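Chain and residue survey
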Amino acid sequence: MSPAKHTITDAEYSIMKILWSSETPMTVADVVNALDGSHWTASTVSTFLQRLLKKEVVSCEKRGKTNLYYPLLKQRDYDLQETETFLSKLYKGSVKNLVAALYENQKLSKEDISELKTMFELE
């Protein structure tokens, strides 16, 4: 998948998470079942899958009368894109500014700080 920006709504993201977690293509009914407890209808899921097809982040394989959906966009690529957007929007693209904000608001535990130090140590 190209590194182009993909805008995915929260509802579409719910469906994408299910597709990403599946090792095989899924039917609309499979996705509805995986959304257990959310009260989404097959019609609603189908509509969101059609939108994701238009955005070219999923594809569909037809087997008889059944459509099987699978992701084209990798979760890691999407997560990185969203992280970059978040950093750019709120922290001027600076990871340092994000970590400083978390530290100032006491959102980092001593364990978190220790792990970050270890992660960023130069060899």
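Above this note sits the structure.
Here goes a summary of the coordinates provided.

One finds I15, M16, L19, V31, L49 and L52 to be the most contacted residues of the largest nonpolar core, which totals 19 residues. Secondary-structure elements contributing two or more residues to this core are α1 (10-21), α2 (28-34) and α3 (42-54). Looking at which element gives the most residues to this core, the answer is α1, with 5 residues. If sequence neighbours within four positions are ignored, I15 has contacts with V31, W40, V45, F48, L49 and L52.

Another point: the pairing of strand β1 (residues 58-63). Every other side chain in a regular strand lies on the same face of the sheet, so the side chains alternate between the two faces. Examined bridge by bridge, β1 and strand β2 (residues 66-71) share 6 bridges and lie antiparallel to one another. Note on β2: the bridge partner recorded for C60 is Y69. The turn linking β1 back onto β2 is made up of 2 residues, and G64 within it adopts a positive phi angle of 65°.

Reading the values: rules and limits
- Residues numbered from 1 in each chain as written.
- Predicted model: local features only at pLDDT ≥ 70, side-chain atom pairs only at ≥ 80, totals over all residues.
- Heavy atoms only, no water.
- Core = buried A, V, L, I, M, F, W, Y, C linked by side-chain atoms within 4.5 Å.
- Buried < 20%, exposed > 50% of the residue type's maximum accessible area, 1.4 Å probe, protein only.
- Helix = DSSP H or I, 4+ residues; strand = E, 2+ residues; numbered from the N terminus.
- Contact = heavy atoms within 4.5 Å.
- Pairing = 2+ DSSP bridges.

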